[in-house]
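Examining the three-dimensional arrangement
The lines below spell out each chain.
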Amino acid sequence: MELTNLNITELKKGYKENKFTPLDVVEAYLTRIKEIDNRVNSYLYVDEKGVLEIAKKMTGHGYPEAAAEKSQPLWGIPFSAKDLYLTRGLPTTAASKILENFVAPYESTVTKRLIDAGAILLGKTNLDEFAMGSSTESSAFKITHNPWDLDRVPGGSSGGSAASVAAGLAPFSLGTDTGGSIRQPASLCGVFGFKPTYGRVSRYGIMAMASSLDQAGPISSNARDSAAVLNVIAGRDARDATSSSKEVPDYTQFLGLDIKGLKIGLVKEFFAEGLDENVKKRIEEAIGLLEKAGAEFQEISIPKAKYGLSIYYILMMAEVSSNLARYDGVRYGFCKRDANLIEQYKKTRGQALGAEAKRRIMLGSYVLSAGYKDAYYNLAQKARTALRAEFEKVFSKVDILLGPVSPTPAFKIGEKMNDPVQMYLSDIYTVPINPAGLPAASVPCGFVERDGSKLPVSFQLIAPHFREDLIFQVAGNYEKLNPDSISKPNL
Ligand code: GLN
């Protein structure tokens, strides 16, 4: 039995039946990371010494029979986390030179909840610098390769996280999603990615990109694993005032519910120009399967979805320009000393921030500037409210929405790096969801051929606020109808 092939449910079963120990599992992962990750480059840092110590201790204490289901539901389950999560005592860089030697002084709420639940943090994964990008190529440190075709990008910004799960280098990972950064890389790597409702999961201890849009969530090989992780990380946190105190149900219970009579809306605007014909075919096949299982489809329209990209790129950049002001070299991180403070700021930020971060800080400052605030920022805020209202309206007609995640499968490394607008366009179906604050997931649904490579495709499910249950219900049914949709590349 290959331990690194097992999902969370299988690992839990094996521990319970004493088939293997956390030390066996952690050692298997460390070995595989050494063998494979020099080709994939998903990790920025692996805490080899730390995890061996924890795994030995757990193995010594033995399976905690009574606690395993209640307080330690993820006992002995390894995971990786995007290097945007603060992890106490471990390097935490946001893939930026400005934080190259930064060690986090405290723990994010999400990683703390997972560790308290018995999960073991293997290491930190690569991302686009400060989560800005769709390909992980803007990382200051390394390029992550798509495990299905090493010449292609894994998507972004949580590209290292998605690649680590697809390559069997972690059973699950943590990403963040401001405009698609969980869903798009999950789709390009053929794994399940889940962005909860804004406020469902605490943002405390996660470096802020755009605070009104950021949300943390899991990436895993199947929907059940993400539900099990969400059970642990969701819920009110006094340290994040935007986190919701709504009760957290057991999300795994919804996977088995049938979908007879469930009304699924197909957003007309999401099946428009620019959507790759073969990607569209896979999604139509998925629709066919769900229809056979009793779901009722209808076309609906969200006319303002076409403004989604503009709304997102204005508001996100405005918030980025403000959030990144803290990286000034004075408080922490890289510093280029100068007797003149302004010069010091200029040199520090000039030398240690990458091109994409600078572009967004400048554009964000521009849309907030005195003469342009009404024309850009304030208008985008109004449009955001209108877009959100349109989504709310369609949810009075249908239960859930289905559409594409990404207009194309994984593109080649380097293909879009010199054309930021092309790069931004790859987020066209994911970014409208964040200004509306809705939960959404990326569900693998087959493959397309491209230049002799087999590349994964996913469909996206979008639910009303706090109706994560509906997403798990539909995804759980789909995985049963098409078990081949869950597969791993040969590496
Ligand atoms: N790709 C989008 C961007 O570049 C989304 C990023 C994200 O969700 N963090 O902004």
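Before any of the text, the structure's been laid out above.
Just so it is clear, the structure is predicted and the values come from calculations on it, not from any experiment.

With respect to the sheet that holds strand S6 (residues 215-220)
With mixed pairing, the eleven strands of this open sheet are ordered in space as S1-S3-S2-S4-S6-S5-S10-S11-S9-S7-S8. Each edge of the sheet is formed by a strand with only one pairing partner; in this case those strands are strand S1 (43-46) and strand S8 (296-300). Between one strand and the next, the sheet's axes are offset by a mean angle of 30°, whatever the strand orientation. In this structure, strand S9 (residues 400-404) lies alongside strand S11 (residues 453-462), joined through four bridges in antiparallel fashion.

Some points on the packing of aromatic side chains
By the definition in use, this model includes 20 aromatic pairs. For the ring pair Tyr15 and Trp75, a centre distance of 5.2 Å and an interplane angle of 80° mean the geometry is edge-to-face. Separated by 60 residues along the polypeptide, Tyr15 in helix H1 (residues 8-16) and Trp75 in the loop between helix H4 (65-69) and strand S2 (78-82) bring together distant segments of the chain. The exposure classification of Tyr15 matches that of Trp75, with both residues buried. Here Phe102 and Tyr332 contribute two aromatic rings whose centre-to-centre distance is 5.5 Å and whose plane-to-plane angle is 50°, an arrangement assigned as tilted. Taken together, the positions of Phe102 in the loop between S2 and helix H5 (109-116) and Tyr332 in the loop between helix H10 (308-323) and helix H11 (341-352) put the pair 230 residues apart, joining distant regions of the chain.

Remarks on the site of the ligand
Within the structure, the ligand sits among 16 residues, and Thr178, Gly179, Ser181, Tyr312 and Asp427 are positioned closest to it. Contact between the ligand and Tyr313: an oxygen atom at 3.4 Å from a side-chain N or O atom of the residue. Relative to its free-state accessible area of 290 Å², the ligand is covered by the protein chains to the extent of 100%. Ranked by the residues each element gives to the shell around the ligand, the list is headed by H10, at three residues.

Concerning the environment of Ser187
Of note, Ser187 is situated in helix H7 (residues 183-189). Between the C-alpha atom of Ser187 and that of Pro456, which follows or precedes it by 269 residues, the distance is 6.9 Å. Setting aside anything within four residues of it in sequence, one finds Ser187 in contact with Val405, Ser406, Ser442, Pro456, Val457 and Ser458.

Looking at the pattern of salt bridges
Tallying each qualifying case throughout the model produces 20 salt bridges. Arg282 is paired through a salt bridge with Glu285; the nearest N and O atoms lie 3.0 Å apart. Note that Arg282 and Glu285 are positioned in helix H9 (residues 277-292) at a spacing of three residues, about one turn of the helix. A relative accessible area of 19% places Arg282 in the buried class.

Notes on helix H16 (residues 468-481)
With 14 residues, H16 extends 20 Å between its outermost C-alpha atoms, agreeing within 8% with the 20 Å of an ideal straight helix rising 1.5 Å per residue. The buried count for H16 comes to twelve of 14 residues, which makes it a mostly enclosed element. The set of residues buried in H16 consists of Glu468, Asp469, Leu470, Ile471, Phe472, Gln473, Val474, Ala475, Gly476, Asn477, Tyr478 and Glu479. Of the surrounding elements, those touching the buried residues of H16 are strand S5 (192-195), helix H8 (223-233), H9, S9, strand S10 (440-450) and S11.

Considerations on unusual backbone geometry
It is generally the case that most residues other than glycine have a negative phi and that most peptide bonds are trans. Of the consecutive residues Gly156 and Ser157, the connecting peptide bond is found in the cis state with omega at 5°. Structurally, Ser157 can be placed in the loop between strand S3 (120-125) and helix H6 (159-166).

Describing the packing of H9 against H16
Remark: H9 packs on H16, axes separated minimally by 10 Å, with the N-to-C direction vectors making an angle of 100°. Classified by the angle between their axes, H9 and H16 sit roughly perpendicular to one another. Residue-level contacts link Ala286, Leu289 and Leu290 of H9 to Val474, Tyr478 and Leu481 of H16. Per-class residue counts for the contact of H9 with H16 are six nonpolar, no polar and no charged.

Rules behind the numbers
- Residues numbered from 1 in each chain as written.
- Predicted model: local features only at pLDDT ≥ 70, side-chain atom pairs only at ≥ 80, totals over all residues.
- Heavy atoms only, no water.
- Pairing = 2+ DSSP bridges.
- Helix = DSSP H or I, 4+ residues; strand = E, 2+ residues; numbered from the N terminus.
- Axes fitted to C-alpha atoms, helices over the stretch in contact; angles between N-to-C directions.
- Phe/Tyr/Trp six-rings, centres within 6.5 Å; stacked < 30°, edge-to-face > 60°.
- Buried < 20%, exposed > 50% of the residue type's maximum accessible area, 1.4 Å probe, protein only.
- Near = heavy atom within 4 Å.
- Polar contact = N/O pair within 3.5 Å; in protein donor to acceptor, adjacent residues only side chain to side chain.
- Areas by Shrake-Rupley, 256 points an atom, 1.4 Å probe, with all protein chains shown as cover.
- Contact = heavy atoms within 4.5 Å.
- Salt bridge = Lys/Arg side-chain N within 4 Å of Asp/Glu carboxyl O.
- Expected span 1.5 Å × (residues − 1).
- Parallel < 35°, antiparallel > 145°, perpendicular 65-115°, else oblique.
- Nonpolar A, V, L, I, M, F, W, Y, C, P; charged D, E, K, R; others polar.

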